[in-house]
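Breakdown of the fold
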Amino acid sequence: MQPALPTPAMADAIRFLAVDAILQAGEGHQGVPLGMAEIATVLAARHMRFDPSAPAWFDRDRFVLSNGHGSMLLYAMLHLTGYGKISLDEVRRFRELGSHCAGHPEFDVAAGIETTTGPLGQGIANALGMAIAEAHLNARFGDDLVDHRTWAFVGDGCLQEGVGQETIQLAGHLKLGKLTFFWDDNAITDDGATALSISENVADRFRVAGWHVQEIDGHDMAAIDAAILAAKADPRPSMIACRTIIAKGVARLQGQRGGHSGKLFPQDRADMADALGWSAAPFETPPAPREAWRAAGARGREARAEWEGRLARLSNAARGEFERVAAGDRPEGWREALRAWKAHKAAQAAPDFLIQTSSDAASLLYDHIPELIAGCADLEAPTNHKRQLAAFDAGNRAGRYIHCGVREHAMGSLANGIAAHGGLAPLAVTYLPFSDYERPAIRMAALMGAPTIFVFSHDSIGIGKNGPTHQPVEILASLRAMPNLRVLRPCDAVETAEAWEIALERRDGPTALIFARQSGPTLRRDGGPENKSARGAYVLAEAEGGARRATILSTGTEVAVAMAARDILQAEGAPTAVVSMPCWDLFEEQPQGWRDATLGVGVVRVAVEAAVRLGWDRWIGERGGFVGMRSFGASGPADQLYRHFGITPEAVAAAVRERLA
């Protein structure tokens, strides 16, 4: 039986908790929690399926506060419905160090926070990924186990950012009918009226993209309820444009620019309490709305119990498979298959296009890990990571390849949403120079610890005649600088296999796999089970003919340049080792003794990489040599470009000789 329409006091409970927390913190954003309180109340009390006593229940609805600056709206909802981690003490510590109630929501499923939001637009693209994940898993496991909705609160900023339009287009194209956005249509941004910077009909942007659109009074609970019912009945994704008053209830600020985050004073709260007839002390909720909110939180227990009953009645095999998928565990056999392929490539010892080695490894893994789902930004042919996968589209939810169009930003962000949803392992595939379009999503994946795998091709001047716009000389350094992003640049098929193994084993953050477009030799002939790349760097070729005098460090296709330089130096009587260094971060984690033994102590060190020097001094020292890029690239054949920019075996050997003298 559907619960009764909520009372205004339930919405006011959100308002006062938000105001009290912001006053206590001395800062915050009151515009969203005060302006969207009725929408949040109706959604949580009558429609959204969740159970605070089991926050990680797999078939719960997903809720995303994309306008994450309004975080007290989310924290108030979570506290009032009974999420244990969002206690009143945590709310009192809003924005304080260590509080679960951070300035912007930070991913914590146990606290009811489904994704990290703050940079506007990221949240709605995450919500798109969650809806894709639900649709795919529903196709695989059926309505009895996976049948939930994704709801997102959206501000003007989310829709003005470019990723917002990418999300609108792709969600409409995919006809994701269980995805609903509530637009906080308050006609105000931080600068003032939205008319300062926008004049189009925003609702029509959704209509032309194939969305179901309704326009309502965002403070009328009956209208909100009716709109949600209509959205649930429509097969298209829905956008409910809710005309609201920013900071509603604070007479001094409501409807104005200052309503966004203007400083609140105790008198503002006193005036709001008088106007709304609220007599409770700060951080207290009167019994009637408090009990109504707790009843709303308890409403999902029955649905969860029924779901658990359906799961329990499955065969042991079917239940075990679903539980494995929901937990994010890999099936048996994938690692053995990957290592067998690695051994084959080592024995074959044939030249390979590096991005093709990744494609081959991914194709093998698709057959062994059914949770792998790939998105690509209109580069299917040159990256070749679709292979045997069918497209995920409006007619085939079982497909595992998402044609994202030329929408790298949305692709990266929806991949994070898939990861946050759980049950799938997302890949986002594009060219390395286009990673800058994905950078906000990569950063958010690293910040929230999402195990998204970003696959990049076309990693250097080696792409040749496309020219400097497509030659990412500085991007490796910028990605390596990002905390919690594991960057791997394999030199051949053997390292490719090891890099994929590392990426698939990781659960606490994203991985960037970076591959050259051009061909390179197979340098590793040992195809055994040991994953040498897992230590970040290792001696590929030790010095011969005496004690080591020099170490050449490299990554990717330039490892072959390093090996050729070693041949020159060895022939001249200078014992030289080559260290392949596919992952700096993993090498940093190794014991000092291992690092010293690998790099060599008291020897000349020279690095070679078709990228800028930034970061290499950590490994080569101030007196170390570097052969690489000092400028952007140029248009021309790859072999000519390497000679033009001096990235040759002869140049590397010369840099070593200079330091041996």
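Residue positions are counted from 1 within each chain, in the order its sequence is given. The model is predicted, so local features are restricted to residues of pLDDT at least 70 and side-chain atom pairs to those at 80 or more, both for listing and for counting; the totals for chains, interfaces and linings are taken over all residues. Calculation of side-chain values draws on the structure's entire complement of heavy atoms; hydrogens and water are dropped beforehand.

Description of unusual backbone geometry
Applied cut-off: For the purposes of this entry, the term helix denotes a DSSP run of H or I that reaches at least four residues, the term strand denotes a run of E that reaches at least two, and both are numbered from the N terminus. Remark: exposure states derive from per-residue accessible area (1.4 Å probe, protein chains only) relative to the maximum for the residue type, with buried under 20%, exposed over 50%, and partly exposed in between.
Positive phi is not limited to glycine here, since alanine 349 has a value of about 55°. Following the sequence through the fold, alanine 349 ends up in the loop between helix H15 (334-348) and strand E8 (352-353). Take alanine 349: its relative accessible area is 26%, and that puts it in the partly exposed class. The phi torsion at histidine 458 lies on the positive side, around 60°, for a residue other than glycine. Within the secondary structure layout, histidine 458 lies in the loop between strand E12 (453-457) and helix H20 (475-480).

Here's the deal with the packing of aromatic side chains
Condition: Note on aromatic pairs: the rings of Phe, Tyr and Trp (six-membered ring only in Trp) are paired at centre separations within 6.5 Å, and the planes decide the class, stacked below 30 degrees, edge-to-face beyond 60, tilted for the rest.
Under the defined criterion, the tally for this structure stands at 18 aromatic pairs. Ring centres of phenylalanine 434 and tyrosine 437 lie 6.2 Å apart, and the angle between their planes is 50°; this geometry places the pair in the tilted category. Judged by relative accessible area, which is 18%, phenylalanine 434 ranks as buried. Ring-pair connections join several aromatic residues into one group, and the members of that group are Trp57, Phe58, Phe141, Trp307 and Phe322.

A word on empty space enclosed by the protein
Condition: A cavity, in this analysis, means grid points on a 1 Å lattice covering only the protein atoms where a 1.4 Å probe fits yet has no way out; a pocket is instead an open set bounded by protein on both sides within 12 Å along at least five of seven lines, and a residue lines either one if it has an atom within 4 Å of a point. Grid points are joined across faces, edges and corners, and a volume is the space filled by probe spheres set on the points. Residues are grouped as follows: Ala, Val, Leu, Ile, Met, Phe, Trp, Tyr, Cys and Pro are nonpolar; Asp, Glu, Lys and Arg are charged; all remaining types, including Gly, are polar.
Tallying each qualifying case throughout the model produces three cavities of 30 Å³ or more. One number sums up the size of the largest cavity: a volume of about 150 Å³. Considering the residues around the largest cavity, the lining is formed by 14 residues, among which Met48, Phe63, Leu78, Tyr83 and Gly112 are closest to the centre. Take the lining of the largest cavity: its biggest share by element is four residues, from helix H4 (residues 71-81). Within the lining of the largest cavity, the residues separate by chemical class into nine nonpolar, two polar and three charged.

Considerations on the layout of surface pockets
By volume, the largest pocket amounts to about 520 Å³. As for the largest pocket, its lining consists of 28 residues, of which Ala326, Ala327, Ala419, Gly422 and Gly423 are closest to the centre. Put simply, the second largest pocket is a space of about 360 Å³. What lines the second largest pocket is a set of 15 residues, and nearest its centre among them are Arg46, His47, Arg49, Arg299 and Ala303.

Here we look at the sheet that holds strand E16 (residues 538-541)
Within a sheet, each strand pairs with its neighbour through backbone hydrogen bonds, oriented either parallel or antiparallel. Stated formally: Strand pairing is assigned whenever DSSP identifies at least 2 bridges connecting the two strands. To get an axis, a line is fitted to the C-alpha atoms, and for a helix only the part in contact is used. The angle between two axes follows their N-to-C directions and goes from 0 to 180 degrees. Contacts are residue-level and defined by heavy atoms, with any inter-residue pair within 4.5 Å sufficient.
The strand order across the open sheet built from five strands is E16-E18-E17-E19-E20, with neighbouring strands paired in mixed fashion. Either end of the sheet is taken by a strand with one partner, and the two such strands are E16 and strand E20 (625-627). This sheet shows a mean twist of 30° between the axes of neighbouring strands, independent of strand direction. Pairing of strand E19 (residues 604-608) with E20, which is carried by three bridges, proceeds in the parallel orientation. What sits directly across from valine 606, in E20, is glycine 625. The strands touched by helix H22 (residues 558-571) within the sheet are E16, strand E17 (550-554), strand E18 (576-580) and E19, with E18 carrying the most contacts at an inclination of about 170°. Against the sheet, helix H27 (residues 649-660) makes contact with E17, E19 and E20, and its axis sits at roughly 160° relative to E19, the strand it touches most.

Quick word on the pattern of salt bridges
Stated formally: Just to be clear on terms, a salt bridge is a Lys or Arg side-chain nitrogen sitting within 4 Å of an Asp or Glu carboxyl oxygen.
Throughout the structure, instances matching the rule amount to 48 salt bridges. For the salt bridge of arginine 613 with aspartate 617, the shortest nitrogen-to-oxygen distance reads 2.8 Å. Look at aspartate 617 and you get partly exposed, because its relative accessible area is 38%. Each of Lys342, Glu498, Arg524, Asp526 and Lys532 takes part in one network of salt bridges that share partners.

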